[in-house]
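Residues per chain, in single letters:
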Amino acid sequence: MHNEHTDQHFQLRIDTEGHIEPRDYMPEGYRKHLIRQISQHAHSEVIGMQPEGNWITRAPSLRAKQILLAKIQDEGGHGLYLYSAAETLGISREEMIEQLHSGKAKYSNIFNYPALNWADIGAIGWLVDGAAIVNQVSLQRTSYGPYSRAMVRICKEESFHQRQGYEIMAKMMNGTKEQKEMAQDAMNRWWWPALMMFGPHDKDSPHTGDAVKWKIKRESNDTLRQKFIDKTVQQAELIGLKIPDNDIKWNEKTEHYDHGEIDWNEFHRVIKGNGPCNKQRMDHHIKYHNEGAWVREAAAAYKTKKLKKEELVIG
Ligand code: 3HC
């Protein structure tokens, strides 16, 4: 009988486009790689609620407030799907939160920048969610079943996030001189950190080799970054925004935009904890996680009581 519990059999399933499910055999390295990536993805979704949450009470209209509320609620839900997907790999929610709070686990660099005004909410929706869509559409084809299914669900909501952000930017670029300046200033501050969201260059990425072998990543960091640039430059030009990169230029030969080099010192400084808002983001998460302990305890107590009652009935 063919032993299905071997790395060879596992790799054959990956190579033939099979989905790996929680109860299937998987090499420990595959499991660890996924726990790292999915839990950090979940952390990013939840921490990402903070910069936008600050603007719910300051939204310029009831419609804008409704849209922002809906978007932030979506992000919280994305975090829950992803924490649940990670839990299928044998890590608990508590362990993941502990890794976030201790700094052992990362979250996306982009959420360590401040949202200074309403144009930032437009730039976040358009650029940050726009970058996330490029990354997450590709991740829909990831080899791990629960992650792939979570991505399909999340991508349906991301396009609304990107459109509402672009609408804010288009409105402001069609507004007063001050509004145009605000939108361009937000573009200038969010463009480069959004490019960093895709991760280091492929040649500098320690995880891409395994990620591609195990079809966790279906396209590389640089490929996805280029896709985002090619799409977004045209959207910017359409509404009169200038890309803050003098090297941006369409290359007839490659049929892509050439662009300037990313400041990787800034990237590493921010992901090592020294960005503008790292401390604020973590203090906030720890404070409200602790304040919400009673909700988790009550839910757990209710679940235990319910289970005991069911046991009594079943006898
Ligand atoms: N921010 C923080 N850390 C980053 C990073 C970023 N933008 N890009 C890479 N890193 C870290 C990696 O986590 C890794 O560190 P680790 O070993 O401690 O985990 C190191 O830098 C090397 O990077 P690699 O490229 O080798 O790592 P990966 O192969 O994991 O690729 C990734 C990085 C492309 C971010 C990949 O993990 C991925 O696709 N993750 C899923 C998508 C995701 O997490 N997106 C975050 C944004 S979610 C979002 O924007 C929500 C939206 O709704 C607003």
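Please refer to the structure placed before this passage.
Caption draft 1: Representation of the overall build of the chain in the model. Of the regular secondary structure elements, the chain holds 13 helices and two strands. For a compact globule of 315 residues, the expected C-alpha radius of gyration is about 20 Å, and the chain comes in at 21 Å, within 12% of that figure. Seen through its C-alpha atoms, the chain measures out along the principal axes to roughly 75 × 50 × 35 Å. Residue burial in the chain is summarised as follows: out of 315 residues, 49% are buried. For the chain, the proportion of contacts with a sequence separation of at least 24, taken over those separated by at least 6, is 76%. Surface exposure of the chain reaches about 16,500 Å², of which carbon and sulfur atoms provide 57%. Side chains of the chain carry 43 positive and 43 negative charges; the gap between the two charge centres is 4 Å.

Caption draft 2: Structural context of the site of the ligand. In the vicinity of the ligand lie 31 residues, with Lys 106, Glu 158, Ser 205, His 207 and Lys 217 positioned nearest. At 2.7 Å from an oxygen atom of the ligand is found a side-chain nitrogen or oxygen belonging to Ser 205. Here an oxygen atom of the ligand and a side-chain polar atom of Lys 217 are 2.8 Å apart. Coverage of the ligand by the protein amounts to 90% of the 1,000 Å² it exposes when considered alone. Of all elements in the fold, only α2 (28–47), α6 (118–139), α7 (145–173) and α11 (264–274) reach the threshold of two or more residues within the shell around the ligand. Examining the composition of the shell around the ligand, we find that six residues originate from one element, α2, more than from any other. Considered class by class, the residues forming the shell around the ligand number 13 nonpolar, eleven polar and seven charged.

Caption draft 3: Spatial organisation of the nonpolar core. Judged by nonpolar contacts, the single largest core of 53 residues is most densely connected at Trp 190, Trp 191, Phe 228 and Leu 241. Broken down by secondary-structure element, the contributors of at least two residues to this core are α4 (62–87), α6, α7, α8 (177–196), α10 (221–238) and α11. Dropping the residues within four chain positions of it, Trp 190 is found in contact with Ile 110, Tyr 113, Pro 114, Ala 115, Asp 120, Ala 123, Ile 124, Leu 127 and Val 128. Residues Met 26, Ile 38, Leu 82 and Ala 211 belong to the second largest nonpolar core, which totals 26 residues.

Caption draft 4: Quick peek at the packing of α2 against α4. Between α2 and α4, the shortest axis-to-axis distance is 8 Å and the interhelical angle comes to 160°. Between α2 and α4, the interaxial angle falls into the category roughly antiparallel. For the pair α2 and α4, the sense of crossing is left-handed. Across the interface between the two elements, Ile 38, Ser 39, His 41, Ala 42, His 43, Glu 45 and Val 46 from α2 touch Glu 75, His 78, Gly 79, Leu 82, Tyr 83, Ala 85 and Ala 86 from α4. Looking at the contact of α2 with α4, its residues break down into seven nonpolar, five polar and two charged.

Caption draft 5: Focus on the side chain of Asn 221. Summarising the element assignment, Asn 221 is placed in helix α10. The class of Asn 221 is buried, set by a relative accessible area of 8%. Setting aside anything within four residues of it in sequence, one finds Asn 221 in contact with Phe 198, Gly 199, Pro 200, Asp 202, Ser 205 and Thr 208.

Caption draft 6: Representation of the pattern of salt bridges in the model. Taken as a whole and assessed by the stated rule, the structure comprises 20 salt bridges. Taking the shortest distance from any N to any O, the salt bridge between Lys 215 and Glu 17 comes out at 2.7 Å. Note that Lys 215 is positioned in the loop between α9 (208–213) and α10 and Glu 17 in the loop between α1 (7–15) and α2, a separation of 198 residues in sequence. By relative accessible area, Glu 17 is classed as partly exposed at 48%. Taken together, the salt bridges that share partners define one network made up of Glu 52, Lys 71, Glu 75 and Asp 129.

Caption draft 7: Local environment of the environment of Lys 213. Counting through the fold element by element, Lys 213 comes out in helix α9. Between the alpha carbons of Lys 213 and Gln 11 there is a distance of 8.5 Å; along the sequence they are 202 residues apart. Other than its neighbours up to four places away in sequence, Lys 213 contacts Gln 11 and Ile 14.

Caption draft 8: Broad picture of the packing of α2 against helix α5 (residues 93–102). Following both chains from N to C, one finds α2 and α5 inclined at 70°, their axes separated by 11 Å at the closest point. Considering the angle they form, α2 stands roughly perpendicular to α5. Here α2 runs over α5; the crossing is right-handed. Facing α2, whose interface residues are Ser 39, His 43 and Ile 47, α5 presents Met 96, Ile 97 and Leu 100.

Caption draft 9: Quick peek at the environment of Asp 74. Position of Asp 74 relative to the elements: it lies in helix α4. When the C-alpha positions of Asp 74 and Asn 265 are compared, they lie 32 Å apart, and in sequence the two are 191 residues distant. Here Asp 74 is in contact with Glu 157, Phe 160 and His 161, once residues within four sequence places are set aside.

Each value, and the rule that gives it
- Residues numbered from 1 in each chain as written.
- Predicted model: local features only at pLDDT ≥ 70, side-chain atom pairs only at ≥ 80, totals over all residues.
- Heavy atoms only, no water.
- Helix = DSSP H or I, 4+ residues; strand = E, 2+ residues; numbered from the N terminus.
- Rg over C-alpha atoms; globule rule 2.2 N^0.38 Å.
- Buried < 20%, exposed > 50% of the residue type's maximum accessible area, 1.4 Å probe, protein only.
- Contact = heavy atoms within 4.5 Å.
- Areas by Shrake-Rupley, 256 points an atom, 1.4 Å probe, with all protein chains shown as cover.
- Lys, Arg positive; Asp, Glu negative; His and termini not counted.
- Charge placed at Lys NZ, Arg CZ, Asp CG, Glu CD.
- Near = heavy atom within 4 Å.
- Polar contact = N/O pair within 3.5 Å; in protein donor to acceptor, adjacent residues only side chain to side chain.
- Nonpolar A, V, L, I, M, F, W, Y, C, P; charged D, E, K, R; others polar.
- Core = buried A, V, L, I, M, F, W, Y, C linked by side-chain atoms within 4.5 Å.
- Axes fitted to C-alpha atoms, helices over the stretch in contact; angles between N-to-C directions.
- Parallel < 35°, antiparallel > 145°, perpendicular 65-115°, else oblique.
- Left-handed = near helix turned anticlockwise from the far one by under 90°.
- Salt bridge = Lys/Arg side-chain N within 4 Å of Asp/Glu carboxyl O.

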